[in-house]
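The chain contents come next:
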Amino acid sequence: MGSLTGKNIVIIGGTSGIGLATAIQASDEGANVWAVGRSEDRVKSAASQFPNINFEACDTHDLDGLAKLFKSVGTVDHIVGAATGANRTMKPFMEQTAEQFSEAFDKFWGYCNVVRQGVPHLTDTGSVTLVSGTPARKCNPGMSSISCVGNAVEALTRALATELAPRRVNVVAPGTTNTGMFDWMGDKKDENLANMSKGILLQRAGLPEEVASAILLTLTNNYMTGVTIDVDGGQLLP
Ligand SMILES: NC(=O)c1ccc[n+]([C@@H]2O[C@H](COP(=O)([O-])OP(=O)(O)OC[C@H]3O[C@@H](n4cnc5c(N)ncnc54)[C@H](OP(=O)(O)O)[C@@H]3O)[C@@H](O)[C@H]2O)c1
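Here goes a summary of the coordinates provided. All values reported here derive from a predicted model rather than from experimental measurement.

**Things to note about the overall build of the protein**
Phase 1: Regarding its fold elements, the protein presents eight helices and seven strands.
Phase 2: The C-alpha radius of gyration of the protein comes to 17 Å, within 12% of the 18 Å expected for a compact globule of 238 residues.
Phase 3: If you line up the protein on its principal axes, its C-alpha atoms span 45 × 40 × 35 Å.
Phase 4: Within the span of the protein, comprising 238 residues, buried residues form 52% of the whole.
Phase 5: Total accessible area on the protein stands at roughly 11500 Å², and carbon and sulfur atoms take up 53% of it.
Phase 6: Here the protein carries 19 positive and 24 negative side-chain charges, and the mean point of each set is 3 Å from the other.

Following this line, the structure appears as structure tokens:
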């Protein structure tokens, strides 16, 4: 297994949830970590809590900003794309406008930008890990947009794994995970997530740290490429 000690790791979407948990675990393993999100407030708040991590503000849709970020890092050992990066409309397909449906793909275009800007800086032994989600392969009514985006991310991962070898490219697919993505639920967040998860095998929402540990596996297992790892409490099974 590869060690993360002294490795340069860029985590886009690293100021909250799964990306932040990955940043903390990688930093604890001795990596030099750059963790990125759009909000300056989140960057400042995270930087004050985790002084060993370099937090930066950048949007996945800002090509110049990404180029500057990767140039400032220099040689990159691992890239993680964990940004939510889009507005999603959770309605049946026939009730969405074309604009609403295509807006969800901003997550995908953001990941494409991260790969285009980051890979020229990646070492030959380096890796890219993207984050999709369980709806890619288990789509309930109202989830068409996130399902299609998740499938696009997983298909891109396999395509890139063939094109970028010997650099490795993998994807981690979380199930319902208790992160900032659900902060809009306010005081009802924990209760709602418990209700959303009670029908799955492990009967609870996941923790960002549980998804992060799978991302760390993709960084450190030097024989793993083109793979999708599900961390979903059994959500894919009936
Ligand atoms: N939580 C779940 O249940 C779940 C389930 C399936 C899949 N996922 C996927 O897991 C990934 C991580 O989500 P999470 O749950 O950890 O969400 P989160 O806690 O909301 O964190 C999202 C991170 O992405 C950053 N971000 C969002 N849009 C960005 C953009 N355009 N450019 C740069 N950074 C951006 C956010 O910071 P700013 O907002 O400040 O930019 C934040 O750091 C996402 O791809 C999400 O779709 C999550």
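**Some remarks on unusual backbone geometry**
The bulk of non-glycine residues show a negative phi, and the bulk of peptide bonds are trans.
Phase 1: Of note, the bond from A165 into P166 is cis; its omega dihedral lies within 30 degrees of zero at 15°.
Phase 2: Among the structural elements, P166 can be located in the loop between α6 (144-164) and β6 (168-174).
Phase 3: One non-glycine residue with positive phi stands out, namely Q203, at about 55°.
Phase 4: Relative to the helices and strands, Q203 resides in the loop between α7 (189-197) and α8 (208-220).
Phase 5: Note on Q203: relative accessible area 57%, which makes it exposed.

**A word on helix α3 (residues 63-73)**
Phase 1: Inspection of α3 places G65, L66, L69, F70 and V73 among the buried residues, and these make up the whole buried set. Looking straight down α3, one finds its buried side chains confined to an arc of 125°; they lie on one side. Residues of α3 that are exposed and point more than 90 degrees away from the buried face comprise D64, K68, K71 and S72.
Phase 2: Lining the buried residues of α3 we find β1 (8-12), β2 (32-37), β3 (54-57), β4 (76-81) and α5 (106-118).
Phase 3: Following α3 by one or two positions, G74 adopts a phi angle in the positive range, close to 90°.

Cut-offs and rules
- Residues numbered from 1 in each chain as written.
- Predicted model: local features only at pLDDT ≥ 70, side-chain atom pairs only at ≥ 80, totals over all residues.
- Heavy atoms only, no water.
- Helix = DSSP H or I, 4+ residues; strand = E, 2+ residues; numbered from the N terminus.
- Rg over C-alpha atoms; globule rule 2.2 N^0.38 Å.
- Buried < 20%, exposed > 50% of the residue type's maximum accessible area, 1.4 Å probe, protein only.
- Areas by Shrake-Rupley, 256 points an atom, 1.4 Å probe, with all protein chains shown as cover.
- Lys, Arg positive; Asp, Glu negative; His and termini not counted.
- Charge placed at Lys NZ, Arg CZ, Asp CG, Glu CD.
- Arc of directions from axis to C-beta.
- Contact = heavy atoms within 4.5 Å.

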